[in-house]
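Observations on the three-dimensional arrangement
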Amino acid sequence: MPTPDHPNGAPCWIDLLTSDTEKAKAFYGELFGWIFETGDQEKYGGYMTALKNGKSIAGMMQKQEAQAGFPDVWSTYLRTDDARATVKSAAEHGGQVYMEPMDVPEQGSMAMVGDATGASVGIWQPGEMKGYELAAEPGTPAWHELHARDYAKAVQFYQDVFDWETEVLSDSPEFRYTTLGAGDDAKAGIMDASGYLPAGVPASWQIYFAVEDTDAAIEKAVAMGAEVIDGPDDSPFGRLATLADPTGAVFKIVAETQQGAQAAADA
């Protein structure tokens, strides 16, 4: 499969902040067929890269003491040509700056902000590292989705800060959904989650990983200590489930079904 296209504003990288890197490596290595490389400690602070078939898929980082009170979490990073300008724009449009742009030697520049609805999202200005090199095949990122408490505010934020050109997929009280791009060119989605997010649960970006068989992946994950949060459920886009890994980091899996393939063709 060709290297995924990462236009400005689109998801380009993911990483996991974990309290136990060895447990996480064993879990995701077995579940998705990943192997791991650890970067130079002095340059990259022990940041690890997950590889699938020799291609970069995701990053992983051990939590520091100052982060001990935060849950283990997967993060989505959106591409930009100018991290500093994007962070400035995020603050001007109601966001919060969690981490100012930081240069990663040779690789690029990263930052972390909270959007106008409180969801954390990463920012990546590429240098040598352009982003994940495989997508939408088993063991790789398949989709990125913001579950927003304030749907309209979220859509406006990403239009203003990341120059999203959006398409309304659905606008009914039961299902409101907007995508970055349209049809086969869509790169990410924003869902109105106000009707189902429990009290106290913040808006968040969710990452879907492709699998060959959702039920088989669930069985394997649970045997290794994962928890099923939701599903499995059939949808127009595949068979979905939400899991928490052995240390609590939440992620989603999706396997394309015949129904999903037809929905994609019709989109």
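Residue positions are given per chain, counting from 1 as you read along its sequence in written order. Residue-level local features of this predicted model are given only where pLDDT is at least 70; pairs of side-chain atoms are given and counted only at 80 or more, and the full residue set underlies all totals for whole chains, interfaces and linings. To get the side-chain values, all heavy atoms of the structure are used, and hydrogens and water are removed first.

**Quick look at the overall build of the protein**
Put simply, the rule reads: The helix count covers DSSP runs of H or I at least four residues long, the strand count covers runs of E at least two residues long, and both are numbered beginning at the N terminus. A radius of gyration in this sense is built from C-alpha atoms; the matching globule rule multiplies 2.2 Å by the number of residues raised to 0.38. Residue burial is assigned from relative accessible area. The probe radius is 1.4 Å, only protein chains are included, and a residue is buried under 20% of its type maximum, exposed over 50%, and partly exposed in between. Any two residues whose heavy atoms approach within 4.5 Å at even a single point are treated as in contact. For every accessible area listed, the method is Shrake-Rupley and the probe measures 1.4 Å; residues are considered covered only by the protein chains on display. The sign given to each residue is positive for Lys and Arg and negative for Asp and Glu; His and the chain ends receive no count. To locate a charge, the coordinates of NZ of Lys, CZ of Arg, CG of Asp or CD of Glu are taken.
Across its full length, the protein carries 6 helices and 16 strands. The C-alpha radius of gyration of the protein comes to 18 Å, within 12% of the 18 Å expected for a compact globule of 267 residues. Residues classed as buried in the protein amount to 48% of the 267 residues present. Taking the contacts inside the protein whose residues are at least 6 apart along the sequence as the reference set, 61% of them involve residues at least 24 apart. Taken as a whole, the protein presents about 12,900 Å² of accessible surface, with 49% of it coming from carbon and sulfur. Charged side chains of the protein number 17 positive and 42 negative; the gap between the two group centres comes to 3 Å.

**A few points about the sheet that holds strand 3 (residues 48-52)**
Rules: Two strands are counted as paired when DSSP detects at least two bridges linking them. Here an angle of 0 to 180 degrees is reported between the N-to-C directions of two axes, which are lines fitted to C-alpha atoms, with helices fitted over the stretch in contact.
Taking strand neighbours across the sheet as the criterion, the 8 strands line up as 2-3-4-1-5-8-7-6 in an open arrangement whose pairing is mixed. On the outer flanks of this sheet lie strand 2 (35-38) and strand 6 (96-104), each paired with one strand and no other. Shown here is a sheet whose adjacent strand axes are inclined to one another by a mean of 30°, direction ignored. The pairing of strand 1 (residues 11-18) with strand 5 (residues 73-79) spans 6 bridges and is antiparallel. Of the residues in strand 5, the one forming a bridge with leucine 16 is tryptophan 74.

**Description of the packing of aromatic side chains**
Centre-to-centre distance and the angle between the planes together describe a pair of aromatic rings. Selection rule: A pair of aromatic rings is counted whenever rings of Phe, Tyr or Trp (Trp by its six-membered ring) have centres within 6.5 Å, and the orientation is called stacked for planes under 30 degrees apart, edge-to-face for over 60 and tilted otherwise.
By the definition in use, this model includes 20 aromatic pairs. Centre to centre, the rings of tyrosine 158 and phenylalanine 162 are 5.7 Å apart; their planes meet at 15°, and the pair counts as stacked. Taken together, the positions of tyrosine 158 and phenylalanine 162, both in helix 4 (residues 151-162) and 4 residues apart, correspond to about one turn of that helix. For phenylalanine 162, a relative accessible area of 5% translates into the label buried. One aromatic cluster is present, formed by Phe27, Tyr28, Phe32, Trp34, Phe36, Trp74, Phe209 and Phe251 through successive ring pairs.

**Focus: the pattern of salt bridges**
For clarity, the cut-off: The salt bridge criterion pairs a side-chain nitrogen of Lys or Arg with a carboxyl oxygen of Asp or Glu, the two atoms within 4 Å.
Throughout the structure, instances matching the rule amount to 9 salt bridges. Between aspartate 72 and lysine 63 there is a salt bridge, with its nearest N and O atoms 2.8 Å apart. One exposure class covers both aspartate 72 and lysine 63, and it is buried. The salt bridge involving lysine 88 is made with glutamate 92; its shortest N-O contact spans 2.6 Å. Taken together, the residues span about one helical turn, with lysine 88 and glutamate 92 both in helix 3 (residues 83-92) at a distance of 4 residues. Accessibility expressed as a relative area gives 53% for lysine 88, which makes it exposed. On the basis of relative accessibility, which here comes to 53%, the residue glutamate 92 falls in the exposed class. Counted as one network, the salt bridges with shared partners bring together Asp171, Arg176 and Asp192.

**Description of helix 4**
The condition is simple: Each helix should span, by expectation, one fewer than its residue count multiplied by 1.5 Å. In this description, the arc belongs to the directions extending from the helix axis to the C-beta atoms.
Along its 12 residues, helix 4 runs 16 Å from first to last C-alpha, staying within 8% of the 16 Å computed at 1.5 Å per residue. Turning to helix 4, its buried residues number three or more, namely Tyr151, Ala154, Val155, Phe157, Tyr158, Val161 and Phe162. For helix 4, the angular spread of buried residues about the axis comes to 160°, placing them on one side. At the C-terminal side of helix 4, aspartate 163 shows a positive phi close to 55°.

**Examining the confidence of the model for the protein**
Note the threshold: A residue's pLDDT is simply how confident the predictor is in it, with values from 0 to 100.
Per-residue pLDDT for the protein has a mean of 91; in total, 91% of the residues score no lower than 70. Across residues 259-267, where pLDDT falls below 50, the model places 10 contacts with residues more than four positions away in sequence or in other chains.

**Regarding the sheet that holds strand 11 (residues 175-180)**
Overall, mixed pairing links the 8 strands, which are arranged 10-11-12-9-13-16-15-14 in an open sheet. The open sheet terminates on both sides in strands that have one partner only, identified here as strand 10 (166-172) and strand 14 (227-235). This sheet shows a mean twist of 20° between the axes of neighbouring strands, independent of strand direction. In the sheet, strand 11 pairs with strand 12 (residues 188-192) via 4 bridges, with the strands oriented antiparallel. In the strand pairing of strand 12, leucine 180 is matched with alanine 188. The sheet contacts of helix 1 (residues 21-32) involve strand 13 (204-210) and strand 16 (250-255), and relative to strand 16 the element is tilted by about 5°.

**Description of the pairing of strand 13**
Counting buried residues in strand 13 gives 6 out of 7 residues, a clear majority hidden from the surface. Relative to strand 13, strand 9 (residues 141-148) runs antiparallel, the two sharing 6 bridges. Bridge pairing in strand 13 places tryptophan 143 opposite tyrosine 208. Sheet analysis places strand 13 next to strand 16, joined by 3 bridges and oriented parallel. Looking at the pairing, alanine 210 lines up with valine 254 of strand 16.

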